[in-house]
Amino acid sequence: MKHILVIDDAATVRLYHRNILETAGYSVDEAINGIEALEKALVTSYDLYIVDVNMPKLDGYGFLKEFRRQEDVLQSPAIMVTTEAGNQDKILGYASGANLYMTKPTKPNQLLSYVRLLLGEVA
Amino acid sequence: MNNLLEQFLSEARDFLQGIAEKLMQLENDPNSTELMVELFRFVHTLKGNSGLFDFPEMTRVLHASEDLMDAVRNGRVSYSQTLADQLLEAMDFVSALMDEIELTGKTGSNHVGTSTELTNALRALLNAPNAVHVPVAIETYTEDGLAVKAISWSELPPMDLPESTAMGLHRCAIDGETVLWLQYTPEPECFFKGEDPFFLIRQIPDVAWRHIILNNTASTLAEMDVFSSQLVFQLLTIASAEELDDLLRYVPDQIHRVKVPALAFVKPSGNSDDVGLDEDFIINILEFFDNDEIETLTNTINTMLELSSPDLWSSSALRWVLHLIETEPDNKPVQRTLLEALRTQKTPDWSALTLPDVEPTRNVVASPVVSINTSEVSDTLLVYFHEVIDAQKEILSLPATSGGAWSAGRLKAVGATLIGCYRAVQRANEVEHIEAALQLALTENSPTPLLIWLDNSLLDTHEPVLVEEHEEHIVVNHLAAQTDAKSNRRSEEIGGANIVAASKTLKVDQDKIDRLMNLIGEMVVAKNALPYLANRAETVFGVRELSREIKAQYAVINRVAEEMQDTIMQVRMMPVSFIFQRFPRMVRDISRKLGKEVELVLEGEATEADKNIIEALSDPLIHIVRNSLDHGLEMPEARLAAGKFATGKLLIRASQESDRVLIEIIDDGKGIDPDVIKQKAYEKGLIDESTLERISDQDAVNLVFAAGFSTADVISDLSGRGVGMDVVRSAVEKVNGTVGIESERGKGTRLFLSLPLSMAVTNVMIIESNTQIFGVPMDMVVETVRVPRAHIRTIKQKQTTVLRGRIVPLLSLNDLLAKSEPQLPNEDDEFATLIVRVHGEHVGILVDDFRETVDIILKPMTGILGGLPGYSGAALLGDGSVLMVLNPRELI
């Protein structure tokens, strides 16, 4: 089973994503900020990261930058999920190491389509 | 109430509490940026959360609050008492809404007024109340909404087309094609009327863009009413009106159509640059434009484009200008308006401009086609696929300055994303190319190799297929013609290189390959020592970090070792034709000798398997073929009498089934008579009288594999040499194969051998019994279960249990190995039980405990130990100890 880490400071958003992803048969872990996400990601090799931008302690950009710097981890794709959809934010996200940008609230079908694509699952 | 809503309410209350607290603290310390940032984050998160639900009044107020706090945080608006009051009032409203949601599960429609009032008040506090235009995140279309109301194209929802698609559509519109925006809102009950909205929407030809909106009131998937359609489809198509009328004839009332003029697509997009283009430059190009110096103009623009980042809004606008000059050279007003827009960096309001009716000025160049494929991969998926691929291109094209130097991590992640995408659209054959490009990119620490690959892949492999399949499809300009030519040249070079590479082969001494195989085997074992080492580093020496590093390194070595093993395995693969080729002569000789007429058919000669397997197969196959010729096929007269052709047919077929090779030997002879077999077996004492009576025909046929069985009445010098099919069986089982037989009296016999592709590495499960560990080959293990003592029944002094409605005999491993100790249950009084398949039957073996599974190189026992029954061999474990691998077939 594919293992996905959902990183968001809002419990509601985490649950929202968990519901969508678990219904689709994925196993989901949560982290409430960049620091916790890093701690988890360095121990467990997740297949995909769903990353919020605005978080206390360490934000999504910071998490991705640090994570992408790690050499001996599986560099799985990351989807950045945020309310800010300006082009500048997008560039920042891409430069930090995100692979895709989605605007909140994510649409379940779109999210799942992206997830399947990034995980390489044939429909 | 569902769990998500509950979570939202409880978290939202915390946030409201937090917002109130922060506001109070700000009263005392109005200049604390820290507090403002916190406050903004609370409001921001709360707004984000509320967006997950359909509470438009709440979201609107929170959105306005967020914008206000954002302005405060950035110093654009100063914090004031009024502002705090206004925010608190807004939060009180949100709180009241939440109470209502908690009670009724929804918000009433009577709040629209308050919500608008509050929003306006909040926006009024922002200096420029209208400057912030925020599109509503989820667009809901009610029955009395867009679908019915007539709208003009300027009111269409934003489509967010990629520039290349927009340009292609613009070109189509200029060339006189009608581009239609179509919205299809299926009736919620449509499924009960036998309508299939998805099918219908897929029928629409020449679609350039499509978008599906979930018009969903349920907040979770589980709550969604799956029996009613909640989708709204939007798309752009250049299909003719007649065609659409015909297709959509059953649902005309659910369709909304708007003709989109060419200008609607002229919509530059990108980052707005704070500085903008140099005013001198703008004045210059406007001058060129007004003096009709088009060539100078295009040259200047091209130079500018080369100098500036392609992602800027101004660059996009300049590209559009070039595009317009090319496609609509006479439409000066539009070109000029767009040039002037470079100052404001805002798309001009085309609807204000009187639209000149432009005649087609030129024919469509055979532009590359993109992205609409209706094969197995669904259209939506393909659209997403292209979005993701475009995003990766954007990432790779980012200048190094905006994100620091290229890091390996980001390249790898892009690689992983690309591989995922290509797999998902069933183009896994590209994966190795991506991997190669990624490796190159990593070595060079540059995104270029991946970018080149992407450009090539999109042009070379993708397009020809699409163009072939959908020649009639809409033309969307994707990449300029010159890149096309360039990449063609590139692909030729690549093609040339392939031809050279393909002709290079090398003859290598077989011993060298075997030695290589042994070495890689040793290496697989040696690498298995690393996890032990990591474990020891942690438990014995207490250095966790080192342990983790060793594990990480192990992962790398493991991957390389596995790849290496695969590669060497490939080298050792041999086609079965190696043994098949002797059959034509052999069959001819034997049939002559017997006076039979036989036609031999060989199939699947190209099927490959490991050299050892092929070699091990040789003798059994000869034996089987002789048997078929001798006992199976009848004499011509007998065949004619039975109504068959005089010439018998013998088919030898090889095929690959997942990781096994299947070899079948099929004859159309007289088949095996189960009664004869039963009688013989009884006479030879292989079965007793009671078995004779109840044995099934299939079981009887299987008796030919029993030791010392030979049915030929006269022992011929061909097949009957006192040894029978049992020799075949043991030879096949020695290489982990299985053999089976099917026969129909009078019709023929089918013998089949199933063999592993390779026998180099064996996957075994380690089990523990009587303080010793043993291995059991994984391919014999059906499952592992823990059987509670209470579930073990004794039937006729034999232990059994019922597993999924099936009686499974249980044997204790200690008993099988002649140890007197009883098997140890776990603390819940359950016995670890290994269910193995032996001769097609399931048998449970009780052990003390299960351990992990490992890959080992199984060495058969040699010398004195060679005859030891019950073991298939031994192997070295990572920690240097010897693992005895059991052979349950012999053991039981």
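Please refer to the structure higher up on the page.
Residues numbered from 1 in each chain as written. Chains lettered and ligands numbered in written order. Predicted model: local features only at pLDDT ≥ 70, side-chain atom pairs only at ≥ 80, totals over all residues.

A.B. asks: Explain the overall build of chain B to me, please; I cannot follow it from the model alone.
C.D. replies: Within chain B, the regular secondary structure consists of 31 helices and 22 strands. Put simply, 69% of the contacts in chain B that link residues at least 6 apart link residues at least 24 apart. (Helix = DSSP H or I, 4+ residues; strand = E, 2+ residues; numbered from the N terminus. Contact = placed C-beta atoms within 7 Å.)

A.B. asks: Looking at this structure, how should I read the packing of helix 9 (residues 279–290) of chain B against helix 12 (residues 332–344) of chain B?
C.D. replies: A pair of packed helices is captured by two measures, namely the crossing angle of their axes and the spacing between those axes. Residue and element names in this part refer to chain B. In contact at an axis separation of 10 Å, helix 9 and helix 12 are set at 170 degrees when each is read in the N-to-C sense. Relative to helix 12, the element helix 9 is oriented roughly antiparallel. On helix 12, the residues touching Ile-282, Ile-285, Leu-286 and Phe-289 of helix 9 are Gln-335, Arg-336, Leu-339, Leu-342 and Arg-343. In terms of residue class, the contact of helix 9 with helix 12 is made up of six nonpolar, one polar and two charged. (Axes fitted to C-alpha atoms, helices over the stretch in contact; angles between N-to-C directions. Parallel < 35°, antiparallel > 145°, perpendicular 65-115°, else oblique. Nonpolar A, V, L, I, M, F, W, Y, C, P; charged D, E, K, R; others polar.)

A.B. asks: Would you mind going over the interface of chain A and chain B with me for this structure?
C.D. replies: Reports of interface size often rely on the accessible area that becomes lost once the parts have come together. Tallying the contact residues gives 49 residues for chain A and 49 residues for chain B. Listing elements by their share of the side of chain A that touches chain B, those giving two or more residues are helix 1 (11–23), helix 3 (60–69), helix 4 (87–96), strand 5 (100–103) and helix 5 (108–119) of chain A. Grouping the amino acids of the side of chain A that touches chain B by side-chain chemistry returns 23 nonpolar, 17 polar and nine charged.

A.B. asks: Explain the sheet that holds strand 11 (residues 748–756) of chain B to me, please; I cannot follow it from the model alone.
C.D. replies: One key point about sheets: their strands pair by backbone hydrogen bonds, in either a parallel or an antiparallel sense. All names here are of chain B. Spatial ordering of the open sheet is given by 6-8-9-11-10, a layout of five strands whose pairing is mixed. This sheet does not close on itself; its edge strands, each paired only once, are strand 6 (598–603) and strand 10 (738–744). If you compare each strand with its neighbour and ignore which way they point, the axes differ by 10 degrees on average. Where strand 8 (residues 648–657) meets strand 9 (residues 660–667), eight bridges bridge the pair, whose relative direction is antiparallel. Across the sheet, residue Leu-650 finds its bridge partner in strand 9, namely Asp-667. Of the strands in this sheet, strand 6 and strand 8 touch helix 23 (residues 583–594), which is tilted by about 165 degrees from strand 6. (Pairing = 2+ DSSP bridges.)

A.B. asks: Is there a simple way to think about the sheet that holds strand 20 (residues 849–856) of chain B in this case?
C.D. replies: Residues and elements named next belong to chain B. The sheet built from five strands is open, its strands ordered 20-12-13-22-21 with mixed pairing. Whereas interior strands pair on both sides, the edge strands pair on one side only; in this sheet they are strand 20 and strand 21 (871–876). Shown here is a sheet whose adjacent strand axes are inclined to one another by a mean of 35 degrees, direction ignored. Of the strand pairs in this sheet, strand 12 (residues 762–769) and strand 20 are connected by six bridges, and their pairing is antiparallel. When the sheet's bridge partners are listed, Asn-763 is paired in strand 20 with Asp-855.

A.B. asks: Hey, could you run me through helix 12 of chain B in this one?
C.D. replies: Residues spaced three or four apart along an α-helix point in a common direction, a consequence of the helix completing one turn every 3.6 residues. Residue and element names in this part refer to chain B. Taking 1.5 Å as the rise per residue, helix 12 with 13 residues should run 18 Å; its terminal C-alpha atoms sit 19 Å apart, in good agreement. Listing the buried residues of helix 12 in full gives Val-334, Gln-335, Leu-338, Leu-339, Ala-341 and Leu-342. With its buried residues spanning 150 degrees around the axis, helix 12 presents them on a single face. Residues of helix 12 that are exposed and point over 90 degrees away from its buried face: Pro-333 and Thr-344. At its buried positions, helix 12 is contacted by helix 9 and helix 11 (313–327). (Expected span 1.5 Å × (residues − 1). Buried ≥ 20, exposed ≤ 12 C-beta atoms within 10 Å, placed from the backbone. Arc of directions from axis to C-beta.)

A.B. asks: Explain the environment of Leu-324 of chain B to me, please; I cannot follow it from the model alone.
C.D. replies: Residues and elements named next belong to chain B. Position of Leu-324 among the secondary structure elements: in helix 11. A sequence separation of 58 residues divides Leu-324 from Val-266, and the C-alpha atoms of the two residues are 8.8 Å apart. Discounting chain neighbours no more than four positions away, the residues touching Leu-324 are Asn-331, Val-334, Gln-335 and Leu-338.

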